[in-house]
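Notes for the structure review
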Amino acid sequence: MFDALAPQPDDPLLALIGLYRADARPGKVDLGVGVYRDETGATPIFRAVKEAERRLVETQPTKAYVGPEGDPVFLERLWDLTAGEAGRGRAVAGLQTPGGSGALRIGGDLLVRLGVKRIWLGMPTWPNHASIFQAAGLEIATYPFFDIPSQSVLFERMVEALSGAAPGDAVLLHASCHNPTGANLSAEQWRAVTDLIAARGLMPLVDIAYQGYGRGLDEDAAGLRMLLAAVPEMLVAVSCSKSFGLYRERTGAIYAACGNADAVPALRSNLAALARVNYSMPPDHGSAIVSTILGDEALKADWMAEIEAMRLRITAIRERLAAGLSRRWQVATAIREQEGMFSLLPLEAADVLKLRAEQAIYMPTSGRINIAGLKTAEVDAVIEKFLSL
Ligand code: LMR
């Protein structure tokens with residue numbers, strides 16, 4: 001039977017990791033998968049994470065099962081970090097998940113249980129979004145989000161498309177640091193989308209995976225919080241991979257906020273049941289780290305200082321890249337205003353492959369670059385390589 005399986009194409013982002021590793025050329029540049037890198041090219045473990053791990057090693061009393069819903073203290077602290085004032089006192093059911101992808105999948109499964117048929121995704125989006133929701137059984141509808149040649153948000157077209165969504169349809173929004181474009185909605189645009197979602201009775205699912213890397217921890221959640229304050233029901237998928245540098249620990253959560261506290265127990269039990277038939281219980285180590293950090297003022301302050309330094313490093317690289325690339329592409333000035341790790345350059349797949357073959361610059365054929373993959377010392381040389389195309 002196994003012979004009947006057709007081989008699956010590699011995930012284009014994950015395949016880049018192997019291709020980059022196998023390249024022996026000195027000076028190779030990795031602008032592929034979305035992980036933060038420092039000035040030495042390393043993906044460091046946060047100081048606060050190391051300290052929390054040390055404490056856990058010394059004090060954790062057991063490795064017994066945590067239960068399908070995960071640790072309620074972790075869920076409460078992460079919700080507070082994500083939702084802030086807008087989340088306090090709000091009726092919410094949370095589930096600790098294996099990473100942000102696990103949160104999205106459980107969110108998709110819950111939508112199907114609720115009878116939702118369709119989810120609207122902005123174009124372009126993280127390629128795995130469509131795969132995850134399709135696998136959950138949702139139909140994918142799309143709305144225009146970003147125009148690559150002009151590097152601008154297609155807001156009018158987005159609103160026009162979402163005005164055609166049926167009541168009860170789900171809509172995926174990126175909270176900030178949009179993957180793959182770095183382009184985000186302004187406060188007025190969030191307000192307009194919030195009004196539209198509320199008026200049409202749509203179910204928002206907000207994906208927040210890069211909190212702290214855009215304009216700041218609170219700023220990066222501002223749109224999400226505005227929406228939360230205005231709609232009766234909403235899903236929020238949180239990833240701790242980037243914000244706490246816990247990529248391989250698979251740490252995240254899905255939250256369902258509802259207008260009615262009586263609905264919370266059933267929501268909670270449905271989320272737990274979805275976990276149980278999927279992976280039974282979430283991994284604990286990463287969430288124990290996050291909970292330890294968020295529950296200790298000094299550790300939290302140190303984590304905040306470190307992520308702020310990372311954010312400023314990315315912002316400085318953005319400035320240089322925008323100035324350099326706009327010598328040839330006027331629209332590249334937009335890179336400065338974009339946020340987070342990514343920008344989406346107006347490149348053809350052939351250009352990307354040429355850069356890979358001739359210059360050892362690695363990025364997906366979509367033209368997305370991970371700005372956090374650049375060292376200050378190499379930015380100017382990389383700009384010249386882009387300009388030599
Ligand atoms: C990315 O977009 O590079 C990250 O979210 C990593 C992934 O899983 O694709």
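Bear in mind that the values here come from a model prediction, so they are computed numbers and not experimental data. (Residues numbered from 1 in each chain as written. Predicted model: local features only at pLDDT ≥ 70, side-chain atom pairs only at ≥ 80, totals over all residues.)

On a plain count of helices and strands, the chain comes out with 14 helices and 13 strands. The C-alpha radius of gyration computed for the chain amounts to 21 Å, which stays within 12% of the reference 21 Å derived for 389 residues, consistent with globular compactness. Taking all 389 residues of the chain together, 46% fall into the buried category. Counting only contacts in the chain whose residues sit at least 6 apart along the sequence, the fraction spanning at least 24 positions is 74%. (Helix = DSSP H or I, 4+ residues; strand = E, 2+ residues; numbered from the N terminus. Rg over C-alpha atoms; globule rule 2.2 N^0.38 Å. Buried ≥ 20, exposed ≤ 12 C-beta atoms within 10 Å, placed from the backbone. Contact = placed C-beta atoms within 7 Å.)

Bringing the sheet that holds strand E9 (residues 234-239) into the picture now. A sheet is described by the order of its strands in space; here 7 strands give the open sequence E2-E10-E9-E8-E7-E3-E4, paired in mixed fashion. Each end of this open sheet is capped by a strand with a single partner; those strands are strand E2 (91-97) and strand E4 (139-144). Going across the sheet, the axis of each strand differs from the next one's by a mean of 25°, ignoring polarity. Strand direction decides the pairing type here: E2 and strand E10 (residues 252-258), joined by 7 bridges, are antiparallel. Bridge pairing in E10 places Leu95 opposite Ile254. Of the strands in this sheet, E2, strand E3 (118-123), strand E7 (170-174), strand E8 (203-208), E9 and E10 touch helix H4 (residues 99-113), which is tilted by about 160° from E9. Running at roughly 145° to E4, helix H6 (residues 155-162) makes contact with E3, E4 and E7 of the sheet. (Pairing = 2+ DSSP bridges. Axes fitted to C-alpha atoms, helices over the stretch in contact; angles between N-to-C directions.)

Mapped onto the elements of the fold, Val290 is located in helix H10 (residues 285-294). For the pair Val290 and Leu228, spaced 62 residues apart in sequence, the C-alpha separation works out to 23 Å. Every residue in contact with Val290, bar those within four places of it in the chain, is listed here: Phe74, Leu78, Cys240, Phe244 and Thr251.

What follows covers the site of the ligand. Taken together, Leu13, Val33, Gly34, Trp126, Asn128 and Asn179 make up all the residues around the ligand. When residues of the shell around the ligand are assigned to domains, at least three map to each of domain 1 (10-45 + 299-387) and domain 2 (55-297). (Near = placed C-beta within 6 Å. Domains from an automatic or database assignment.)

Following the UniProt record, one finds the feature "domain: Aminotransferase class I/classII large" (unreviewed entry) at residues 27-385. Secondary structure across residues 27-385 divides into 46% helix and 16% strand, with the first and last C-alpha atoms of the span separated by 12 Å. (UniProt positions renumbered as here; feature names shortened; annotations may be inferred.)

In this section: the pairing of E8. When you tally the buried positions in E8, you get 6 out of 6 residues, the bulk of the element. The alternating pattern of E8 places Met203, Leu205 and Asp207 on one face and Pro204, Val206 and Ile208 on the opposite face, and all of these are buried. Taken together, E7, helix H7 (residues 187-200) and E8 constitute a β-α-β crossover, and its handedness is right-handed. The pairing of E8 with E9 spans 4 bridges and is classified as parallel. Bridged to Leu205 within E9 is Leu235. Between the parallel pair E8 and E9, the chain is carried across by helix H8 (residues 222-230), and the sense of this crossover is right-handed. (Right-handed = clockwise from strand over helix to strand, strands pointing away.)

Looking now at helix H3 (residues 72-87). Across its 16 residues, H3 extends only 15 Å between first and last C-alpha, which sits more than 12% below the 22 Å expected from 1.5 Å per residue. The principal kink in H3, of about 70°, is found at Leu81. Three or more residues of H3 are buried, namely Phe74, Leu75, Leu78, Trp79, Leu81, Thr82, Ala83 and Gly87. Taken together, the buried residues of H3 touch E2, E8, H8, E9, E10 and H10. Following H3 by one or two positions, Gly89 has its phi on the positive side, about 75°. (Expected span 1.5 Å × (residues − 1). Bend = angle between axes of the 7 residues up to and from the residue.)

Moving on to the environment of Leu121. By secondary structure assignment, the location of Leu121 is in strand E3. For the pair Leu121 and Pro144, spaced 23 residues apart in the sequence, the C-alpha separation amounts to 8.5 Å. The residues touching Leu121, leaving out its near neighbours within four places in the chain, are His129, Ala130, Ile140, Thr142 and Leu172.

Once that is clear, we can look at the confidence of the model for the chain. Overall, the prediction assigns the chain a mean pLDDT of 97, with 100% of residues at 70 or greater. Interface predicted TM-score (ipTM) for the complex: 0.93; the corresponding pTM is 0.97. (pLDDT = per-residue confidence, 0-100.)

On to the domain arrangement of the chain, then. Its domain assignment divides the chain into domain 1 (10-45 + 299-387) and domain 2 (55-297). Computed over C-alpha atoms only, the centres of domain 1 and domain 2 are separated by 26 Å. Counting residues at the interface gives 28 residues for domain 1, matched by 29 residues for domain 2. Going through the elements one at a time, helix H11 (297-325) and strand E11 (342-344) are the ones with two or more residues in the side of domain 1 that touches domain 2. For the side of domain 1 that touches domain 2, the element with the most residues is H11, which contributes 9 residues.

Axis angle and axis distance: for two packed helices, these are the angle between their axes and the distance between the axes, and together they describe the pair. In the contact formed by H11 and helix H14 (residues 376-387), the axes pass within 10 Å of each other and the chain directions differ by 25°. Of the possible angle classes, the one that applies to H11 and H14 is roughly parallel. Note on packing geometry: the crossing formed by H11 with H14 is right-handed. Within the contact between the two elements, H11 uses Ile317, Arg320, Leu321, Gly324 and Leu325 and H14 uses Thr376, Val379, Asp380, Ile383 and Phe386. (Parallel < 35°, antiparallel > 145°, perpendicular 65-115°, else oblique. Left-handed = near helix turned anticlockwise from the far one by under 90°.)

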